[in-house]
Amino acid sequence: MRIRLAAAVTALALSLTACGSGSSDSADSDKITGTITLQTWALTPKFTDYLNEVIAGFTAKYPGTGVKLLDQPGDGYSEKVLAQASSNTLPDVINLPPDFALPLAKQKLLVDVSKGDDLSKTYVQGGVDAYKFTGVDGVYGYPWYLNTDLDYWNVKQFSDCGLDANTPPATTQELFTQAAAMKAKCPDNFLMSRKPDVSDFVRAGIKITSDDGKQFVFNTDQAAALVDQYRDAYAKGYLPPSVLNSDYQGNSKLFTQGKVAWTTGGATGLADFERDNPSLKGQVTVSKALDTPPLYVQGVSVSAKSKYPATAKAFAQWITNADNQNKFGHLVNVFPSTISSASDSYFGSDDGTPAGKARALAFGELKDAKNLIPYEVNADMQKLLDQQIALAVKGDEPSRKALDDAVAKMNQMLSRQ
Amino acid sequence: MKTLRYFLLAFVLIITVGPFVWQLSTSLKGAGEDIYTQTPSFIPHQPTLNNYAKVADAIPVWRYIGNSLVVAALTVGGNIVFATMAGYAIARLKFRGRSVVLGLFLSTLVLPGEVTIVSQYVTVRDFGLADTLLGVALPGMVAALNVLLMYNAFRALPQEIDEAAIVDGATVPQRLLRVSLPAVRGTLAVVAIFAFIQAWDDFLWPLIVLTSPEQYTLTVGLQYLSGTFTQDQRLIAAGTMIAFIPIAILFSALQRYFFKGVEEGGVKG
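- Under an unreviewed UniProt entry, the name given to chain B is ABC transporter permease, and the source organism is Actinoplanes cyaneus.
- In its Sequence similarities (unreviewed entry) section, UniProt records this for chain B: "Belongs to the binding-protein-dependent transport system permease family."

- Per an unreviewed UniProt entry, the recorded name for chain A is Solute-binding protein, and the organism is Actinoplanes cyaneus.

Have a look at this one:
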């Protein structure tokens, strides 16, 4: 019986491969023709119409081409991409954030798109830089949409606790002082809502990796002093205890619940807060990110194993061109990575609504925004660092020792990559 | 003493059922009321079924349920047939290497599924089953745990009954179908429930095997409710309840057999 099943499965497999291998004649690789697949990350069903429009524009411009859209769900995307990579089934054009592109670029699975093309003429420098990695030459993706963080403040808690919502903190140090002021007036309220992470070290100008990108070096006295500052703030009750727990769901949840008066969030954040808790309408004011605003980049990469490399490259350029990116930015609060989009007055104009204000502020920020989480620091490392910092902030371990331990373990993880 | 017992019972009930109640109440809340409140409030003030309708608008939820049912049926069927046969063979038939086979089954239990997921995917792809529902179901069609459950159930039956059947001239399939199987129906129900839950709840494996959105199972398809820029928690909660309800129904229908089956395997030994 066992044997019969195995035979049946093999027969099935053979018949299926026979069907699949009919169309493997590889065309002239420089010609823009053939059907390619595009893989996006969690954009349907909301943006299905937009993506179909982009695809229709492309196939109209290049007759004989076709684009199959595969949108992958948000969760488990990195596992999905890694499984595709290890089984040689990467789609031709893939929407990858830089930290996902890094391991694939190192394995030579992505095309260096900077060859014969000066990308910095078309795309903003920060976007292009995001797809350059230490240790590999070239640029491994076209920058697509950009975003950054803004600060959102609870107006009611500000005025109740003697703070002025028109002048919220603009730097991390001001955040500490205003948190103290709030605590003095309202002992049950909290202004601060997160513990430091690697981005705070970058903000403070601390070097994260050595020049060759092979080691972490952020366990300095300056970093320890910053963690100490958070430890003291925690001891005085400026932060709610839940930020140290493993069930911490991010500052935006605490903010929506009304437990804290501050959160960070993208330019789309306000809509989310108000939808989750309609009672927040009119209660939220928005300001620029503290210190240096972060830059979040999404991009599209081209698979090195694509059967139609010219088509794949042409489509990646098409979906990231100024025209298509501007249209996308009009649909949702994200920002085009093309230089010429700066002349689109929509992004910089504050139409008086809170969402419009958020858009204008965020667009202004992008000039100064920098990537604050080095791509070498993957999710597992961030989690490890997070645990060490929680120990230090709680006062269970001296900050310096916690950072030393974190760096030692993260170096091990880095060397295994 | 009694109050303490009830207190503990109530406590465990709250921590296990609480999150479900929260999801249920969130899925019924109208657009005008707060989801995240300082003290959780479970009773919707503007109760609505709109969120469920919106889930059906946003994603082809029936199609996903259909796909999930196909995978679940294959997995349940496969486990009932193959785990029974494997369990019976190890428990009742004498053949060389029997203890090795048992040891191998046991040892695969130790490996977490994530470790083998990529090699499993490469295997399924080489069969030509990538992006098919059969490919999703295939690796789960004989679960080692279910083989051990069946093995244990068959082993608990008195050897003498089998011997009597041999004297009467019964062949192996006859002994399995007529003599032993009717005595282990409880364990079969346990196997069916385990297999169904495993197939229905699995997320990572179907996500990796399937690429075309129209083939997605419910757990994967529901992920589309949380998009990149906006997540409506009310819709996500409604989706979660849609995925949860069939399991609740199946379990309550088979509950009687389930507990009988758990006893059957364990006590007599």
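What follows picks up the thread again.
### Some details on the overall build of chain A
- When you go through chain A residue by residue, the secondary structure sums to 17 helices and eight strands.
- The globule rule puts the C-alpha radius of gyration for 417 residues at 22 Å, and the 24 Å found for chain A is close to it.
- For the C-alpha atoms alone, the extent of chain A along its principal axes is close to 75 × 50 × 50 Å.
- Counting over 417 residues, chain A shows a buried share of 53%.
- Sequence separation of 24 or more characterises 73% of the internal contacts of chain A that already satisfy a separation of 6 or more.

### Quick notes on the UniProt feature "transmembrane region" (unreviewed entry) in chain B
All names here are of chain B.
- As annotated by UniProt and renumbered to match this structure, "transmembrane region" (unreviewed entry) occupies residues 64-88, 100-121, 133-151, 183-200 and 235-254.
- In residues 100-121, the share of helix is 91% and the share of strand is 0%. The end C-alpha atoms are 26 Å apart.
- The span residues 133-151 is 68% helix and 0% strand, and its two end C-alpha atoms sit 29 Å from each other.

### Here's the deal with the interface of chain B and chain A
- Counting residues at the interface gives 43 residues for chain B and 46 residues for chain A.
- For the pairing of chain B and chain A, the buried interface totals around 3600 Å² over both sides, and the portion due to carbon and sulfur atoms is 60%.
- Three residues, Y36, Y224 and F229 of chain B, lead the burial of chain B against chain A; their summed loss comes to 22% of the area buried on that side.
- For the pair chain B and chain A, the interface holds one salt bridge.
- R275 of chain A is the salt-bridge partner of D232 of chain B, the closest N and O atoms lying 3.9 Å from each other.
- Those elements that place two or more of their residues in the side of chain B that touches chain A are α3 (61-92), α5 (113-126), α11 (204-209) and α13 (233-266) of chain B.
- For the side of chain B that touches chain A, the residue count by class is 24 nonpolar, 13 polar and six charged.

### Regarding the sheet that holds strand β7 (residues 284-288) of chain A
Residues and elements named next belong to chain A.
- Strand order in the open sheet made by the three strands is β6-β5-β7, with antiparallel pairing throughout. The open sheet is flanked by β6 (262-265) and β7, the only strands paired with a single partner. For this sheet the average axis-to-axis angle between neighbouring strands, irrespective of direction, equals 30°.
- The pairing of strand β5 (residues 150-154) with β7 spans five bridges and is classified as antiparallel. Following the sheet pairing, L150 is matched in β7 by K288.

### A short note on the pattern of salt bridges
Residues and elements named next belong to chain A.
- Tallied over the entire structure, the rule returns 22 salt bridges over all chains.
- Its salt-bridge partner being R231, residue D228 comes within 3.1 Å of it at the nearest N-O pair. With D228 and R231 both in helix α9 (residues 221-235) and three residues apart, the pair spans about one turn of that helix.
- Since its relative accessible area comes to 28%, R231 is described here as partly exposed.
- With its nearest N and O atoms 3.4 Å apart, the salt bridge here joins D351 to R359.
- The partly exposed category is assigned to D351, whose relative accessible area is 48%.
- Taking the relative accessible area as the measure of exposure, R359 reaches 7% and is therefore buried.
- Connected through salt bridges with shared partners, the residues R194, D197, D200 and R203 form a single ionic network.

Cut-offs applied
Residues numbered from 1 in each chain as written. Chains lettered and ligands numbered in written order. Predicted model: local features only at pLDDT ≥ 70, side-chain atom pairs only at ≥ 80, totals over all residues. Heavy atoms only, no water. UniProt positions renumbered as here; feature names shortened; annotations may be inferred. Helix = DSSP H or I, 4+ residues; strand = E, 2+ residues; numbered from the N terminus. Rg over C-alpha atoms; globule rule 2.2 N^0.38 Å. Buried < 20%, exposed > 50% of the residue type's maximum accessible area, 1.4 Å probe, protein only. Contact = heavy atoms within 4.5 Å. Buried area = accessible area lost by both parts, 1.4 Å probe. Salt bridge = Lys/Arg side-chain N within 4 Å of Asp/Glu carboxyl O. Nonpolar A, V, L, I, M, F, W, Y, C, P; charged D, E, K, R; others polar. Pairing = 2+ DSSP bridges. Axes fitted to C-alpha atoms, helices over the stretch in contact; angles between N-to-C directions.

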